[in-house]
Every structure is written in C-alpha cells, then in structure tokens.
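Topology and contacts: notes
Residues per chain, in single letters:
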Amino acid sequence: MPQKYAGLANPFRRLPEAQRRAAEAEGMVLYQKNCRPCHGVDGDGSGPLARGLSLKPVNFRDPGTIGTVVEPYVFWRIKEGALGLPPIAAPWASAMPAWSELSDGGIWGIVLAAYAIAGKEPRKPEGA
C-alpha cells in the first residue's frame, strides 16, 4: 500500500454506535450499487459480472482475504483499484476499477459495509 494511505484511519469507527451504523448503511447502498456486480451480494466474489473476468473478484468471506488487512489497505484498493498495484503484484493482478469518483466518506462507508458483509473485523495496525 502506498505510504500516503498507511496512516489513514476510518473516521466512522470513532463515531457513536448509531452514527457508525448509519454510515455503514449508506456504505451498504454504495456497495450494492458499485461492488455487488463483481463481489456479489454476500461478498463471496460471485457477482453477475464475475463470470466474465479472467481473475475472479476477491471473496471477502474467505478467511485469508479482508480480515487479514488493515482498513487503509481496503480504502486504497477501492480508491485506486488495480492501478495502484506495484509491478511485483503482476501475478495477482486484478480487474478492480478505481472508484476515485466516490467521496472519501463514501469509500470509508463501503469499507465498513465490506467488513460487515464478510462478518470480519479489520486487522489492527501493528502496535495498536
């Protein structure tokens, strides 16, 4: 993940429960609109567009995926898509588009939603 994302924190995690849940609900709407076509309703990588991709979308329910990374990593991947991957990542290249037209708040909401759909908690940064 590029250094400019490493120090970010999901601002919705610090909100009171009711406000955090509202942000998550808004994130769910954005997830269903923008992410569901590839990642599926249940985040299992089986959305209707997944069949047409040579590299299947990440299954968020797999224990080796979203639960193993910190939230800024997920934010980065949504914001910049596959374009942000370094050349060394080529064997694991991705069709993930950049969603840079979404607001940062919208992206953080999607991050909340993705973890909720997966039933996972984000990995905590080292030393946190």
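Residues numbered from 1 in each chain as written. Predicted model: local features only at pLDDT ≥ 70, side-chain atom pairs only at ≥ 80, totals over all residues. Heavy atoms only, no water.

**Details of the pattern of salt bridges**
- A full pass over the atoms with the stated rule returns six salt bridges.
- One salt bridge connects Arg-21 with Glu-17, and the closest N-O pair in it is separated by 2.9 Å. On the criterion of helical spacing, the pair formed by Arg-21 and Glu-17 is a turn pair, its members being four residues apart in helix α2 (residues 17-39).
- Accessibility expressed as a relative area gives 48% for Arg-21, which makes it partly exposed. (Salt bridge = Lys/Arg side-chain N within 4 Å of Asp/Glu carboxyl O. Helix = DSSP H or I, 4+ residues; strand = E, 2+ residues; numbered from the N terminus. Buried < 20%, exposed > 50% of the residue type's maximum accessible area, 1.4 Å probe, protein only.)

**Re the packing of α2 against helix α4 (residues 104-118)**
- Contact pair α2 / α4: the axes reach a minimum separation of 7 Å and the direction vectors enclose 90°. By the criterion of interaxial angle, the relationship of α2 to α4 is roughly perpendicular. Note on element contacts: α4 touches α2 through Gly-106, Gly-109, Ile-110, Leu-112, Ala-113, Ala-116 and Ile-117, opposite Arg-20, Ala-23, Glu-24, Gly-27, Met-28, Leu-30, Tyr-31, Gln-32 and Cys-35.
- Looking at side-chain class alone, the contact of α2 with α4 contains 10 nonpolar, four polar and two charged residues. (Axes fitted to C-alpha atoms, helices over the stretch in contact; angles between N-to-C directions. Parallel < 35°, antiparallel > 145°, perpendicular 65-115°, else oblique. Contact = heavy atoms within 4.5 Å. Nonpolar A, V, L, I, M, F, W, Y, C, P; charged D, E, K, R; others polar.)

**A look at the nonpolar core**
- Core analysis: the largest hydrophobic core is formed by 24 residues, its most contacted members being Tyr-31, Ile-66, Ile-78 and Val-111.
- Tallying contributions element by element places α4 first for this core, with 10 residues. (Core = buried A, V, L, I, M, F, W, Y, C linked by side-chain atoms within 4.5 Å.)

**A word on the packing of aromatic side chains**
- Taken as a whole and assessed by the stated rule, the structure comprises three aromatic pairs.
- An aromatic cluster is present here, built from Tyr-5, Phe-75 and Trp-108 joined pairwise through their rings.
- It is Arg-77 that lies over the ring of Trp-76; its NZ or CZ is 5.8 Å from the centre. (Phe/Tyr/Trp six-rings, centres within 6.5 Å; stacked < 30°, edge-to-face > 60°. Lys NZ or Arg CZ within 6 Å of the ring centre and 35° of its normal.)

**Things to note about the layout of surface pockets**
- By volume, the second largest pocket is sized at about 200 Å³.
- Along the walls of the second largest pocket sit 13 residues, with Ala-9, Asn-10, Arg-13, Glu-71 and Pro-125 positioned nearest its centre. (1 Å grid on protein atoms, 1.4 Å probe; cavity = no way out; pocket = protein on both sides within 12 Å on 5 of 7 lines; lining within 4 Å. Points joined across faces, edges and corners; volume = space filled by probe spheres on them.)

**Comments concerning α2**
- Helix length check: α2 (23 residues) gives 27 Å between terminal C-alpha atoms against 33 Å at 1.5 Å per residue, more than 12% under.
- Of all the residues in α2, the buried ones are Arg-20, Ala-23, Glu-24, Gly-27, Tyr-31, Asn-34, Cys-35, Pro-37 and His-39.
- If you follow the buried residues of α2, they end up packed against α4. (Expected span 1.5 Å × (residues − 1).)

**Quick look at α4**
- When the terminal C-alpha atoms of α4 are compared, their 21 Å separation across 15 residues agrees well with the 21 Å that a helix rising 1.5 Å per residue should span.
- Across the 15 residues that make up α4, a large majority, 12, are buried.
- The set of residues buried in α4 consists of Gly-106, Ile-107, Trp-108, Gly-109, Ile-110, Val-111, Leu-112, Ala-113, Ala-114, Tyr-115, Ile-117 and Ala-118.
- In this structure, the buried residues of α4 make contact with α2 and α3 (71-80).
- Two residues or fewer after α4 comes Gly-119, characterised by a positive phi angle close to 70°.

Geometric descriptors of this kind do not, in isolation, establish any biological role.
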